[in-house]
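A look at the structure
Each chain is listed here by its residues.
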Amino acid sequence: MKVDKSLQEVWDWKEKVYEEMRGLSIEERITSFRKTSEDFCKKYGLKLKTLHPLKK
């Protein structure tokens, strides 16, 4: 079966994220997600409201 290049890229990305998160605790995953989202917002100048902030 022929797979579209963009679909393969998504599958590769999902596998990479899974491997990075596999050994982390829930707290470590949340910290990683928070850091990634903060970096993204800074990069693109976004100021988003957090509805339910988690304690750091």
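Reference entry: report on the structure contained in this document.

Conventions adopted
- Residue positions are given per chain, counting from 1 as you read along its sequence in written order.
- Totals for whole chains, interfaces and linings use all residues, but because this is a predicted model, local features are given only for residues with pLDDT of at least 70 and pairs of side-chain atoms are given and counted only at 80 or more.
- To obtain the side-chain values, all non-hydrogen atoms of the structure were included, while hydrogens and water were left out.
- Counting from the N terminus, the helices are DSSP H or I runs at least four residues long and the strands are E runs at least two residues long.
- Expected helix span is computed as 1.5 Å times (number of residues minus one).
- Each reported salt bridge corresponds to a side-chain nitrogen of Lys or Arg within 4 Å of a carboxyl oxygen of Asp or Glu.
- Here the term buried applies to any residue with accessible area under 20% of the maximum for its type, exposed to any over 50%, and partly exposed to those in between, with areas from a 1.4 Å probe on protein chains only.
- Patch construction takes residues with relative accessible area above 30% that form no salt bridge. Like charges are linked within 9 Å, and nonpolar side chains (Val, Leu, Ile, Met, Phe, Trp, Tyr) are linked within 5 Å.
- Surface exposure here means Shrake-Rupley accessible area, sampled with a 1.4 Å probe, where a residue is shielded only by the protein chains that are shown.
- Geometry of aromatic contacts follows a simple scheme: Phe, Tyr and Trp rings, the Trp one being its six-membered ring, pair when their centres are within 6.5 Å, and the pair is stacked under 30 degrees between planes, edge-to-face over 60, tilted otherwise.

Turning our attention to helix α2 (residues 26-44). Helix length check: α2 (19 residues) gives 27 Å between terminal C-alpha atoms against 27 Å at 1.5 Å per residue, within 8%. Taken from the residues just after α2, G45 is the one with a positive phi, measuring 65°.

A few words on the pattern of salt bridges. Here the structure, examined in full by the defined rule, presents three salt bridges. Its salt-bridge partner being R22, residue E19 comes within 3.3 Å of it at the nearest N-O pair. Residue class for E19 comes out partly exposed when judged on its relative accessible area of 38%. Taking the shortest distance from any N to any O, the salt bridge between D39 and K35 comes out at 2.9 Å. With D39 and K35 both in helix α2 and four residues apart, this pair spans about one turn of that helix.

Moving on to a nonpolar patch on the surface. Nonpolar side chains collect at one region of the surface, where L7, V10, W11 and W13 lie side by side and expose about 420 Å² of accessible area between them. Tracing the backbone shows L7 in helix α1 (residues 5-21).

If you trace the backbone, E15 turns up in helix α1. E15 gets classed as partly exposed once you look at its relative accessible area, which sits at 45%. For the pair E15 and K5, spaced 10 residues apart in sequence, the C-alpha to C-alpha distance is 15 Å.

This model, assessed by the stated rule, comprises one aromatic pair. The interplanar angle of 50° and the centroid separation of 4.8 Å between the aromatic rings of F40 and Y44 together place this pair among those described as tilted. In this pair, F40 and Y44 both sit in helix α2, four residues apart, roughly one turn of the helix.

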